[in-house]
Amino acid sequence: MVLALTVCGIVVALVVVGLFLFGLRRRLIQRSGGTFDCSLRWDVAEKPDTGGKGWSYGVARYNGDRIEWYRVFSYAVRPRRVLERAQIEVAGRRLPEGEEELALLSDAVVLACVHRGTRLELAMSEDALTGFLAWLEAAPPGQRVNVA
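So, here is what we can say about the structure in this document. Owing to the predicted nature of the structure, the values given are computational and were not obtained by experimental measurement. (Residues numbered from 1 in each chain as written. Predicted model: local features only at pLDDT ≥ 70, side-chain atom pairs only at ≥ 80, totals over all residues. Heavy atoms only, no water.)

Looking now at the overall build of the protein chain. When its secondary structure is counted, the protein chain shows three helices and eight strands. N-terminal to C-terminal, the α/β element order of the protein chain is α-β-β-β-β-β-β-α-β-β-α. Its C-alpha atoms give the protein chain a radius of gyration of 18 Å, more than 25% over the compact-globule value 15 Å for 148 residues. Its C-alpha atoms give the protein chain principal-axis dimensions of about 70 × 35 × 25 Å. Of all 148 residues assigned to the protein chain, the portion counted as buried reaches 34%. Relative to all contacts within the protein chain whose residues are 6 or more apart in sequence, the contacts with residues 24 or more apart total 53%. Here the protein chain has roughly 9100 Å² of accessible surface; of this, 58% comes from carbon and sulfur atoms. A distance of 9 Å separates the average location of the 19 positive side-chain charges in the protein chain from that of its 17 negative side-chain charges. (Helix = DSSP H or I, 4+ residues; strand = E, 2+ residues; numbered from the N terminus. Rg over C-alpha atoms; globule rule 2.2 N^0.38 Å. Buried < 20%, exposed > 50% of the residue type's maximum accessible area, 1.4 Å probe, protein only. Contact = heavy atoms within 4.5 Å. Areas by Shrake-Rupley, 256 points an atom, 1.4 Å probe, with all protein chains shown as cover. Lys, Arg positive; Asp, Glu negative; His and termini not counted. Charge placed at Lys NZ, Arg CZ, Asp CG, Glu CD.)

Once that is clear, we can look at the side chain of Ser39. By secondary structure assignment, the location of Ser39 is in strand S2 (residues 39–42). Looking at Ser39, the relative accessible area reads 5%, which means it is buried. Setting aside anything within four residues of it in sequence, one finds Ser39 in contact with Trp55, Ser56, Tyr57, Gly58, Trp69, Leu104, Glu121, Leu122 and Ala123.

Attention now goes to the environment of Leu3. Note on placement: Leu3 falls in helix H1 (residues 2–30). Here the alpha-carbon distance between Leu3 and Glu84, two residues 81 residues apart in the chain, equals 53 Å.

Taken as a whole and judged by the stated rule, the model has nine salt bridges. The residue Arg85 makes a salt bridge to Asp65 at a minimum N-O spacing of 2.3 Å. Of the two residues, Arg85 is situated in the loop between strand S5 (81–84) and strand S6 (88–94) and Asp65 in the loop between strand S3 (58–63) and strand S4 (66–71); the sequence distance between them amounts to 20 residues. A relative accessible area of 32% places Asp65 in the partly exposed class. Taken together, the shared-partner salt bridges in this structure form one network comprising Arg41, Arg94, Glu100 and Glu121. (Salt bridge = Lys/Arg side-chain N within 4 Å of Asp/Glu carboxyl O.)

Attention now goes to the sheet that holds S2. Through backbone hydrogen bonds, the strands of a sheet pair up, either in parallel or in antiparallel fashion. The strand order S2-S8-S7-S6 describes an open sheet built from four strands, whose pairing is antiparallel. Both edges of this open sheet fall to S2 and S6, since each of them pairs with a single strand only. Across the sheet, the mean angle from the axis of one strand to that of its neighbour is 25 degrees, orientation sign disregarded. Here S2 runs beside strand S8 (residues 118–125); their pairing, made up of four bridges, is antiparallel. Bridge pairing in S8 links Leu40 to Leu122. Relative to S8, helix H3 (residues 126–137) is tilted by about 130 degrees, and along the sheet it contacts S6, strand S7 (108–115) and S8. (Pairing = 2+ DSSP bridges. Axes fitted to C-alpha atoms, helices over the stretch in contact; angles between N-to-C directions.)

Next up, the structure:
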């Protein structure tokens, strides 16, 4: 009986510590500001799959001429993907279709992009999209900007 209570106590403590670390990591990512919720689908086909597969929920952060993208359900302190402003080419935008509506946040807009030859899709709110496009267009003089 004592052993069972001890094991249950340890399991509960580990769950609480794990949840605390998730929250602390998110807080550290957002500390410098310039963050927004952003789902990412990397290396997509020419005609995107609307089945909802391949999307990863994350948080993106502006950092100078780069966007750092972090997975939400991860303990990693480094970004999973880094997108450079000069290398991002916007190919179009659309609303989620089919089962994507269930896989993404309710007010998401999908932005098709190409980064260093890799096709990707970003899904974010309309407000975050406005900020993202403004950030892309605010490139320093002499840099090319590819916004469709």
